[in-house]
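A look at the structure
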There are 2 protein chains.
Amino acid sequence: MISKAKAKFIKSLQLKKYRKEEQCFVVEGAKGVAELMSSDLEVLWLAGTEAFLRQHHPLVSRQKAEVVAAGEKELTELGTFATNNAALAIVRMRPHVAPNLKSEFVLVLDDIRDPGNLGTIIRTADWYGIKHIIASEETADCYNPKVISATMGSFCRVHVYYTALTDYLYGTDRPLYGASLTGETIYDVNFGKEGFIVIGNEAQGISAAVHSMIQKHITIPRIGAAESLNASIATAIILDNVFRSQK
Amino acid sequence: MISKAKAKFIKSLQLKKYRKEEQCFVVEGAKGVAELMSSDLEVLWLAGTEAFLRQHHPLVSRQKAEVVAAGEKELTELGTFATNNAALAIVRMRPHVAPNLKSEFVLVLDDIRDPGNLGTIIRTADWYGIKHIIASEETADCYNPKVISATMGSFCRVHVYYTALTDYLYGTDRPLYGASLTGETIYDVNFGKEGFIVIGNEAQGISAAVHSMIQKHITIPRIGAAESLNASIATAIILDNVFRSQK
């Protein structure tokens, strides 16, 4: 049985304002919660069906947080999904600290507004071993339930740091790549061993201020007639070419 | 002024059942309707704001269909978007005829269920010059408003043919490629000049029946820890590698 107060608290975390105030967020569904339990994120409270808790017993028994059994109906009512037949957790946000970058590639998101796109970008980044994303303050919130869901568990491994991009990027000696329709084809670019890869807003592309800082304009070759690519699709194609060039 | 009967008819086309019965579908928004007017699709009825109709006057004046001026509020009420400040059209579906394939690459969608994924796949296919998609009958309907919207106008150029995949593919002499986690890396595959590229369902992958027909299993190399990629992301990375290999 989940208390009304707890249910109300969980509901409040659907809003960014309350997530920020409380510094915590919600993870829903089997895949996300299972990956969460083996990650370094701090679980504050966990509810799962008896089947889920049994299936993941070793991980569940390691949790320091309160763990409660709940029915599918209860879980669904707590969350934002159409159905949830497995689990839901309240999780502490990572501290808001600028990442300590090594020699690595880092994605820079210049106002990615669609939560689905952001989640897919995080999932794809994780596929290519990207650990850090620097996001403009107008980028969708990475703790939004739709983002968490679209990452398919990758929110556990990829850290998103929100900041004013131009201040952050000012004076970096790491190469800054930006996708545009008139740059060097990504098939020919020598990406080297590290860099920032800037992905622009879905409708407006890269903002003027960030655009002026880009050292290498890169382009995805087009054969057909579509005017542009979806932002998460462009990110994936660029990352594939970056890591292909490392071989 | 748009009649109540017309508004009711447009609303009915949000459902696949009625789209199929009437053999027509709805396109909403400036980008989609503008691309539509310069395509070979047959527009049956068109409503636009005065600003939209003025901006696209040469294309609008070529339309044989009835064209009516409408306010933003009226357009929004007719459609499925949160807002529509430009235009909406009723369009005749393409005839259900198997495509006459040339030496080309063709996407085969084995139960892509998410309309957003299907729309993004159509848009990406168009970027790479793919003209034809063969889709299983369980794949999302390409005339669904969410699909049309996500294609960003590419529904005008990419034809989707729905059929029973195993019957269709049986006996083809075109190479059949399928993405899996254990195939040859796409960086090394010699894709040649034509082929079918099978993309599996978001959760289940490629169905057993289609899987057994695949001649070349291909894999997107992974560096990080994500278990899988979104279906539209995987499609994009494969297409980029196919066309890169053509150079």
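Residues numbered from 1 in each chain as written. Chains lettered and ligands numbered in written order. Predicted model: local features only at pLDDT ≥ 70, side-chain atom pairs only at ≥ 80, totals over all residues. Heavy atoms only, no water.

Okay, helix α3 (residues 30–37) of chain B next. Residue and element names in this part refer to chain B. Most of α3 is tucked away: six of the eight residues are buried. Turning to α3, its buried residues are Gly32, Val33, Ala34, Glu35, Leu36 and Met37. As for α3, its buried residues are in contact with β1 (24–28), β2 (43–48), α4 (50–55), α5 (57–62) and β4 (87–92). (Buried < 20%, exposed > 50% of the residue type's maximum accessible area, 1.4 Å probe, protein only. Helix = DSSP H or I, 4+ residues; strand = E, 2+ residues; numbered from the N terminus. Contact = heavy atoms within 4.5 Å.)

A few words on the sheet that holds strand β1 (residues 24–28) of chain A. Residues and elements named next belong to chain A. Across the sheet, four strands lie side by side as β1-β4-β2-β3; this open sheet has mixed pairing. If you trace the sheet from one side to the other, it starts and ends with β1 and β3 (66–69), each paired once. Strand after strand, the sheet turns through a mean of 15° between neighbouring axes, direction not considered. As judged from the four bridges shared by strand β2 (residues 43–48) and β3, these two strands associate in the parallel manner. (Pairing = 2+ DSSP bridges. Axes fitted to C-alpha atoms, helices over the stretch in contact; angles between N-to-C directions.)

This next bit is on the packing of helix α7 (residues 115–127) of chain B against helix α11 (residues 231–244) of chain B. Residue and element names in this part refer to chain B. For the pair α7 and α11, interaxial distance at closest approach is 9 Å and the crossing angle is 15°. The orientation of α7 with respect to α11, classified from their angle, is roughly parallel. When the axes of α7 and α11 are compared, the crossing they make is right-handed. Residues Asn117, Thr120, Ile121, Thr124 and Ala125 of α7 form the contact with α11, whose own contacting residues are Ala231, Ser232, Thr235, Ala236 and Leu239. In the contact of α7 with α11, the residues fall into five nonpolar, five polar and no charged. (Parallel < 35°, antiparallel > 145°, perpendicular 65-115°, else oblique. Left-handed = near helix turned anticlockwise from the far one by under 90°. Nonpolar A, V, L, I, M, F, W, Y, C, P; charged D, E, K, R; others polar.)

This paragraph deals with the environment of Val43 of chain B. Residue and element names in this part refer to chain B. Within the secondary structure, Val43 is located in strand β2. Among the residues examined, Val43 registers a relative accessible area of 10% and is labelled buried. The spatial distance from the C-alpha of Val43 to the C-alpha of Gln63 is 7.4 Å, given a sequence separation of 20 residues. Setting aside residues no more than four positions away along its own chain, Val43 makes contact with Leu36, Gln63, Ala65, Ala89, Ile90 and Val91.

As a further point, take the sheet that holds β4 of chain B. All names here are of chain B. One open sheet accounts for four strands, arranged β1-β4-β2-β3; its pairing is mixed. At either margin of the open sheet sits one strand with a lone partner, and together these are β1 and β3 (66–69). Strand-to-strand twist in this sheet, taken as the mean axis angle between neighbours without regard to direction, amounts to 15°. The sheet contact formed by β1 and β4 spans five bridges and is antiparallel. Across the sheet, residue Val27 finds its bridge partner in β4, namely Ala89. Sheet strands in contact with helix α1 (residues 4–12) are β1, β2 and β4, and its direction is about 70° off that of β4.

Another point: the pairing of strand β5 (residues 105–110) of chain A. All names here are of chain A. Across the six residues of β5, six count as buried, placing the element largely inside the fold. Burial along β5 is two-sided: Phe105, Leu107 and Leu109 and Val106, Val108 and Asp110, pointing in opposite directions, are all buried. As defined by bridge partners, β5 adjoins strand β9 (residues 195–200) across six bridges and the pair is classed as parallel. Counted as the bridge partner of Val106 is Phe196 from β9. When β5 meets strand β6 (residues 132–135), the two strands line up parallel, connected through three bridges. By the bridge assignment for β6, Leu107 is matched with Ile133. Read from β5 through helix α7 (residues 115–127) to β6, the crossover connection turns out right-handed. (Right-handed = clockwise from strand over helix to strand, strands pointing away.)

This part is about the confidence of the model for chain A. A residue-level look at chain A finds 100% of positions with pLDDT of 70 or above and a mean pLDDT of 96. We note a pTM of 0.96 for the whole complex and an ipTM of 0.95 for its interfaces. (pLDDT = per-residue confidence, 0-100.)

Tracing the backbone shows Asp126 of chain A in helix α7. The class for Asp126 of chain A is buried, based on a relative accessible area of 2%. Excluding residues within four positions of it along the chain, Asp126 of chain A makes contact with Ser154, Arg157 and Val158 of chain A together with Gly224, Ala225 and Ala226 of chain B.

On to the packing of aromatic side chains, then. The tally for this structure, following the rule as stated, stands at 14 aromatic pairs over all chains. Consider the rings of Tyr161 of chain B and Tyr168 of chain B, whose centres lie 6.2 Å apart with planes at 55°: the pair is tilted. Linked through ring pairs, Phe25, Tyr143 and Phe155 of chain A together constitute an aromatic cluster. Cation over ring: Arg174 of chain A sits above Phe196 of chain A, and NZ or CZ is 5.7 Å from the ring centre. (Phe/Tyr/Trp six-rings, centres within 6.5 Å; stacked < 30°, edge-to-face > 60°. Lys NZ or Arg CZ within 6 Å of the ring centre and 35° of its normal.)

Residue and element names in this part refer to chain B. β2 sits mainly inside the fold: five of its six residues count as buried. Pairing of β2 with β4, which is carried by five bridges, proceeds in the antiparallel orientation. Bridge pairing in β4 links Val43 to Val91.

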